[in-house]
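Structural overview for review
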Protein chains: 4
Amino acid sequence: MINIDARSSTPIYEQIVIGIKELILKNILSPGDKLPSVREMASTLTTNPNTVSKAYAELERMRIIETLRGKGTFVSAAFTPKIEDEKIQSLQDDLKKIILDAHYMGIDYDKLADLLKQSYIELSGKKFLRGEQN
Amino acid sequence: MINIDARSSTPIYEQIVIGIKELILKNILSPGDKLPSVREMASTLTTNPNTVSKAYAELERMRIIETLRGKGTFVSAAFTPKIEDEKIQSLQDDLKKIILDAHYMGIDYDKLADLLKQSYIELSGKKFLRGEQN
Amino acid sequence: MINIDARSSTPIYEQIVIGIKELILKNILSPGDKLPSVREMASTLTTNPNTVSKAYAELERMRIIETLRGKGTFVSAAFTPKIEDEKIQSLQDDLKKIILDAHYMGIDYDKLADLLKQSYIELSGKKFLRGEQN
Amino acid sequence: MINIDARSSTPIYEQIVIGIKELILKNILSPGDKLPSVREMASTLTTNPNTVSKAYAELERMRIIETLRGKGTFVSAAFTPKIEDEKIQSLQDDLKKIILDAHYMGIDYDKLADLLKQSYIELSGKKFLRGEQN
DNA sequence: GTGGTCTAGACCACG
DNA sequence: GTGGTCTAGACCACC
């Protein structure tokens, strides 16, 4: 279910974090669902249990998943995010970087905005585009 | 001119790369303009010359700047980017990550698209918005 | 009567121990009173009997409750605690940790002392505040 | 400087976290001061570098320390804590547990309040007792 | 069975 | 020299 690229520069544990966030956003994992055990996921990803553990720990810190002692790890009930200005700042920095990268690949605003929409659709279907006629 | 945050998790040399790309996109640096020497920039940024060197090397690898033996480093003439599928893939991965982060910050598609447009305007004025009525 | 939070990081058996201590301090359970059987309590708390068993064992080790063969488990007669230096040391360590946590939450001494008093009142009414005019 | 009890049930990495918080509160470590490197501290504590790393990572998450790439780890400038209700709740739970423990050691409110004050003085001198005559 | 902690030892990017 | 990541393998508390 989760794709790991061992050659990527983004750490494996972070790829797992991203992968799980993605599965949740795609509704493949729903609140209350049990995640594979650390060992299980480690063996399916052919990675080290510690690495999976680190990913789970980070997701738990973000309140995205929660562990029930001795029972396993589960997707949390939908939570209400609190918007922190400082995080938004880092989001804008990321956006800026993407714009710069795109520019030097010959991708202009219209095309990038399109890529953004495409990614959204790919991630969560068209359901998010409430304000538009598609 | 370039803002370095020593506490940031993005490497300093990359912050320099981003900073220079940004200056070029903003037309503060134009093709043919001379960049400060490695030592000069290192001292104005109070950073290690090796770090600046690495940034320049990366920019040169991208053909964004070029060094003329004994004369210095200059912004390259406007170049025709070739779109490489593999790079586009990484761009989409970055977009995906941003979408996920935004989602868990309570930021939906409309708002994120808005932030993207804002970042564009901040970087290069409205000149890029050719196709729209603003 | 006892509140169990499966998501908490404190073990369930310990939450039970705390809960029973609390009931006793609040005089809801008095010396001589019979506790529910292990199975009974396990089913009301929807937890594992082994877990309740462990809690009872710990409470018995502390002489707070006692089991009478074939009759059940009972709250012990008021006991005369012996102050053990080593336990006081661990109490002070706990206090130290609380002070540090509080400090990094922006809570100063006065406020923390106040919270302590509040917790006391909540646990046992004002009866303990003999030396003060409240 | 930091005392590690390998036999304690609180994890080593957490003892390190507590120890460093304590050193800061005692003004033995001040904002801007450099912490020993991970390897250094690991060797002085005769523990594993990973364990120290975990402690540092947690302290960084709390904004108490920060790492400068390639330079080391430093105590952050004094930060403004934001009070979160949920954290206060957990603080009160901790207080409740302490009260119960103390009660079964024969320690009443007055004595516990006294221990609290003592711990404060030990940690930060009397400077915090602004509102009292000592 | 579950996750959490720890060790020993290795490699890498960064400055 | 700095911290960050990863592996392999072990032990433990909890349910």
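Residues numbered from 1 in each chain as written. Chains lettered and ligands numbered in written order. Predicted model: local features only at pLDDT ≥ 70, side-chain atom pairs only at ≥ 80, totals over all residues. Heavy atoms only, no water.

**A closer look at the overall build of chain A**
Each helix and strand counted, chain A has five helices and two strands in total. The linear arrangement of helices and strands in chain A, starting from the amino end, is α-α-α-β-β-α-α. Principal axes of the C-alpha set define a box for chain A whose edges measure 50 × 35 × 30 Å. Classification of the 134 residues of chain A by burial places 37% in the buried group. Taking as baseline every contact in chain A between residues at least 6 positions apart, the subset at least 24 positions apart corresponds to 46%. For chain A, the exposed area adds up to about 7600 Å²; of that, 49% sits on carbon and sulfur atoms. Averaging the positions of the 19 positive and the 19 negative side-chain charges in chain A gives two centres separated by 6 Å. (Helix = DSSP H or I, 4+ residues; strand = E, 2+ residues; numbered from the N terminus. Buried < 20%, exposed > 50% of the residue type's maximum accessible area, 1.4 Å probe, protein only. Contact = heavy atoms within 4.5 Å. Areas by Shrake-Rupley, 256 points an atom, 1.4 Å probe, with all protein chains shown as cover. Lys, Arg positive; Asp, Glu negative; His and termini not counted. Charge placed at Lys NZ, Arg CZ, Asp CG, Glu CD.)

**Digging into the protein's contact with DNA strand F**
Lining the immediate surroundings of DNA strand F are 23 residues, of which Ile-12, Asn-50 and Thr-51 of chain A together with Ile-12 and Lys-54 of chain C lie closest. When atoms of DNA strand F within 4 Å of the protein are sorted by moiety, sugar and phosphate together comprise 70%. Between a base nitrogen of DNA strand F and a side-chain N or O atom of Asn-50 of chain A, the distance comes to 2.7 Å. A distance of 2.8 Å is found between a phosphate oxygen of DNA strand F and a backbone nitrogen or oxygen belonging to Val-38 of chain D. Broken down by secondary-structure element, the contributors of at least two residues to the surface near DNA strand F are helix 1 (12-25) and helix 3 (49-61) of chain A, helix 1 (12-25) and helix 3 (49-61) of chain C together with helix 2 (38-44), helix 3 (49-61) and strand 2 (72-75) of chain D. (Near = heavy atom within 4 Å. Polar contact = N/O pair within 3.5 Å; in protein donor to acceptor, adjacent residues only side chain to side chain.)

**Side note on the interface of chain C and chain D**
Residue-level contacts link 43 residues of chain C with 45 residues of chain D. Summing the contributions of chain C and of chain D, the shared interface buries around 4800 Å²; its carbon and sulfur component is 74%. If you sort the residues of chain C by the area they bury against chain D, Tyr-104, Met-105 and Tyr-109 of chain C come out on top, with a joint share of 18%. There are six salt bridges connecting chain C and chain D. Across the pair Lys-21 of chain C and Asp-101 of chain D runs a salt bridge whose closest N-O atoms are separated by 3.1 Å. (Buried area = accessible area lost by both parts, 1.4 Å probe. Salt bridge = Lys/Arg side-chain N within 4 Å of Asp/Glu carboxyl O.)

**Points about the protein's contact with DNA strand E**
Taken together, the neighbourhood of DNA strand E is formed by 23 residues, with Ile-12 of chain B together with Ile-12, Asn-48, Asn-50 and Thr-51 of chain D sitting nearest. The sugar-phosphate portion of DNA strand E accounts for 70% of its atoms within 4 Å of the protein, the bases making up the rest. Between DNA strand E and the protein, one listed contact pairs a phosphate oxygen with a backbone N or O atom of Val-38 of chain A at 2.9 Å. Thr-47 of chain D places a side-chain nitrogen or oxygen 2.9 Å from a phosphate oxygen of DNA strand E. Secondary-structure elements contributing two or more residues to the surface near DNA strand E are helix 2 (38-44), helix 3 and strand 2 (72-75) of chain A, helix 1 (12-25) and helix 3 (49-61) of chain B together with helix 1 (12-25) and helix 3 of chain D.

**Comments concerning the side chain of Glu-22 of chain D**
Counting through the fold element by element, Glu-22 of chain D comes out in helix 1. Excluding anything up to four places from it in sequence, Glu-22 of chain D contacts Lys-96 and Leu-100 of chain C together with Leu-123 of chain D.

**Describing the interface of chain A and chain C**
Taken together, the contacts link four residues of chain A with six residues of chain C. A combined buried area of about 400 Å² lies between chain A and chain C, and 51% of that area is made up of carbon and sulfur atoms. Summed over the three residues of chain A that lose the most area to chain C, namely Glu-66, Leu-68 and Arg-69 of chain A, the buried surface amounts to 89% of that side. Taken together, the links from chain A to chain C amount to one salt bridge. Close ionic contact of Arg-7 of chain C with Glu-66 of chain A constitutes a salt bridge, the shortest N to O distance being 3.1 Å. Across the chain A-chain C interface, the total number found is two residue pairs in polar contact (both at pLDDT 80 or more). The residue makeup of the side of chain A that touches chain C, split by class, is one nonpolar, one polar and two charged. (Nonpolar A, V, L, I, M, F, W, Y, C, P; charged D, E, K, R; others polar.)

**A look at helix 5 (residues 109-124) of chain B**
For helix 5 of chain B, with 16 residues, the first-to-last C-alpha span of 23 Å sits near the 22 Å given by 1.5 Å per residue. All of the buried residues in helix 5 of chain B are Tyr-109, Leu-112, Leu-115, Leu-116, Ser-119, Tyr-120, Leu-123 and Ser-124 of chain B. The arc enclosing the buried residues of helix 5 of chain B, seen along the axis, measures out at 140°, which places them on a common side. Those residues of helix 5 of chain B that are buried are in contact with helix 4 (85-103) and helix 5 (109-124) of chain A together with helix 1 and helix 4 (85-103) of chain B. Gly-125 of chain B lies just past helix 5 of chain B and shows a positive phi near 70°. (Expected span 1.5 Å × (residues − 1). Arc of directions from axis to C-beta.)

**Some remarks on the UniProt feature "domain: HTH gntR-type" (unreviewed entry) in chain A**
Here the UniProt feature "domain: HTH gntR-type" (unreviewed entry) sits at residues 10-78 of chain A. Along residues 10-78 of chain A, the helical share is 49% and the strand share 12%, with 27 Å between the first and last C-alpha atoms. (UniProt positions renumbered as here; feature names shortened; annotations may be inferred.)

**Focus: the domain arrangement of chain A**
Residues and elements named next belong to chain A. Assigned domains of chain A: these are domain 1 (12-75) and domain 2 (85-133). Taking only C-alpha atoms into account, the centre of domain 1 sits 26 Å from that of domain 2. Counting residues at the interface gives four residues for domain 1 and four residues for domain 2. Surface buried jointly by domain 1 and domain 2 totals about 330 Å² across both partners, of which 56% is contributed by carbon and sulfur atoms. Looking only at domain 1, the three residues that lose the most surface to domain 2 are Glu-22, Leu-25 and Lys-26, adding up to 88% of its buried area. Linking domain 1 with domain 2 are zero salt bridges. Where domain 1 packs against domain 2, one counts zero residue pairs in polar contact (both at pLDDT 80 or more). Looking at side-chain class alone, the side of domain 1 that touches domain 2 contains one nonpolar, one polar and two charged residues. (Domains from an automatic or database assignment.)

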